[in-house]
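Here is what each chain is made of, one letter per residue.
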Amino acid sequence: MWALRDVFLPDGHVADVIVDGDRITAIGPGVAGGVSPATDCSGKLLLAAYVDGHVHLDKALIRDELREHDGTLAGAIDAIHERKRRYTVQDVSERARSVIEASVQLGTTRMRSHVDVDTIGGLTPLEGVMDAAAGCADIAEVRTIAFPQEGLLRDPGAYELMEAAIEAGADVVGGMPHWELDEASQREHVRLCFDLAERYDRDLDMHVDETDDGAVRTLEMVADEALRRRYMGRVCAGHVCSLAAAPQDYADRVIDKCLRAGISIAANPVTNLVLQGRADRGLVRRGMTRVAELRAAGVNILFGQDCVKDGFYPFGRGSMLEVALISAHAAHLTSRADLAFALRAVTEAPAQAWRLTDYGLKVGARADLQLLPVPSWEEALRLQPLPEKVWFSGRMAAENTVESKLYRSR
Ligand SMILES: [Zn+2]
């Protein structure tokens with residue numbers, strides 16, 4: 001048993017926190033009296049460790065090996081093919097592992113990674129990420145989403161590989177219906193993904209409408225299918241860019257369907273800000289889904305890292321604090337309530353999408369925690385500090401020290 005004394009909680013209150021084994025067993029003013037060891041944390045902020053609900057660990061860090069392309073989603077997918085053919089399990093595992101380790105050092109202890117499942121890379125991306133996840137099981141919990149990046153109907157053989165991926169241990173069924181060539185194929189793609197999920201009793205986490213074209217409307221297909229099959233609260237839709245370009249009355253109707261189906265929306269502004277809207281002249285779209293309206297309607301919204309130095313995005317370092325800051329700029333989040341929403345979008349919201357029941361800064365939750373050298377979440381966002389300590393399952397998983405010096409002449 002150990003304790004932290006006098007931490008600031010995200011709501012501004014000061015409290016002690018007691019951890020026993022892998023659980024938080026008490027939170028409150030003065031509860032650590034008599035517990036040893038207890039660390040004085042006055043002036044510091046305690047947060048639940050971040051959850052990255054949408055990341056692609058299999059393609060992380062390959063950017064330097066790719067040819068230059070036009071910067072669009074299609075350009076990036078195409079440019080990755082050559083590199084994907086050369087993937088080995090060890091190569092994927094090593095790159096994934098370095099991002100997992102960096103993420104833990106920056107305060108993230110749970111990640112859900114999409115892994116490409118297609119006839120180019122086969123199951124190598126899955127096997128590589130699962131190998132990295134097993135190798136990092138002492139510091140983080142990493143789950144996989146079988147993701148048909150090249151389509152299901154467009155890539156004959158991919159559906160059989162998706163079945164094999166689930167059999168081999170992929171946790172969640174992915175999808176990318178808008179990548180199919182016509183509406184009938186998109187609808188069939190959605191149906192196939194739900195069939196697979198039902199057959200294996202898995203949740204769904206699909207790439208949905210990652211395009212500027214407001215006429216692309218597979219989010220509604222996904223919501224309709226979830227409602228029809230009563231797959232409530234078990235579906236996450238990522239990106240959802242085209243919803244922003246759709247007419248208002250249509251968007252209102254689809255947002256209502258998402259709410260009724262308990263669909264979570266993974267907005268990934270950091271990547272979509274650089275991918276989308278490139279062909280626009282005049283009013284330039286920035287790839288943002290309707291965060292404000294989804295939030296007002298009560299839909300669960302998370303922010304994901306999505307990409308780490310891959311073909312889609314040249315930046316990213318596994319920092320959900322950075323993701324929250326960039327997303328706050330993209331989504332006009334500035335008030336106190338807005339900033340609390342940004343915190344939720346990298347903690348409680350992805351945990352809800354993942355249907356975690358043991359997450360959070362609460363008694364009974366798994367002790368995945370981080371201590372930041374600032375007094376508040378608002379200051380953490382502004383100053384982007386490294387967490388001083390990160391705990392995974394009650395055990396210290398990472399520590400950072402920073403020394404800065406200023407040399408004055410008077
Ligand atoms: Zn993605």
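Coordinates for the structure precede this section.
It should be emphasised that the depicted structure is a prediction, and the values quoted were computed from it without experimental measurement.

### Quick notes on the pairing of strand β6 (residues 50-55)
By the criterion of burial, β6 is predominantly enclosed, with 6 of the 6 residues buried. Relative to strand β7 (residues 108-116), β6 runs parallel, the two sharing 4 bridges. Directly across from D52, in β7, lies its bridge partner M111.

### Observations concerning the pattern of salt bridges
Scanning the entire structure with this criterion turns up 44 salt bridges. Two residues, E101 and R97, come together in a salt bridge whose shortest N-O distance is 3.3 Å. One end of the pair is E101 and the other is R97, both in helix α2 (residues 89-105) and 4 residues apart, which spans about a single turn. Using a relative accessible area of 35% as the deciding quantity, one classes R97 as partly exposed. Two residues, E220 and K257, come together in a salt bridge whose shortest N-O distance is 2.7 Å. Note that E220 is positioned in helix α6 (residues 218-228) and K257 in helix α7 (residues 248-261), a separation of 37 residues in sequence.

### Thoughts on helix α3 (residues 124-135)
The end-to-end C-alpha distance of α3, which contains 12 residues, comes to 16 Å, matching closely the 16 Å that a straight helix rising 1.5 Å per residue would cover. When α3 is considered as a whole, its buried residues turn out to be T124, P125, L126, G128, V129, A132 and A133. Where α3 is buried, its residues meet α2, β7, β8 (141-147) and α4 (158-167).

The rules behind the values
Residues numbered from 1 in each chain as written. Predicted model: local features only at pLDDT ≥ 70, side-chain atom pairs only at ≥ 80, totals over all residues. Heavy atoms only, no water. Buried < 20%, exposed > 50% of the residue type's maximum accessible area, 1.4 Å probe, protein only. Helix = DSSP H or I, 4+ residues; strand = E, 2+ residues; numbered from the N terminus. Pairing = 2+ DSSP bridges. Salt bridge = Lys/Arg side-chain N within 4 Å of Asp/Glu carboxyl O. Expected span 1.5 Å × (residues − 1). Contact = heavy atoms within 4.5 Å.

As far as function goes, none of this settles anything; it's purely spatial.
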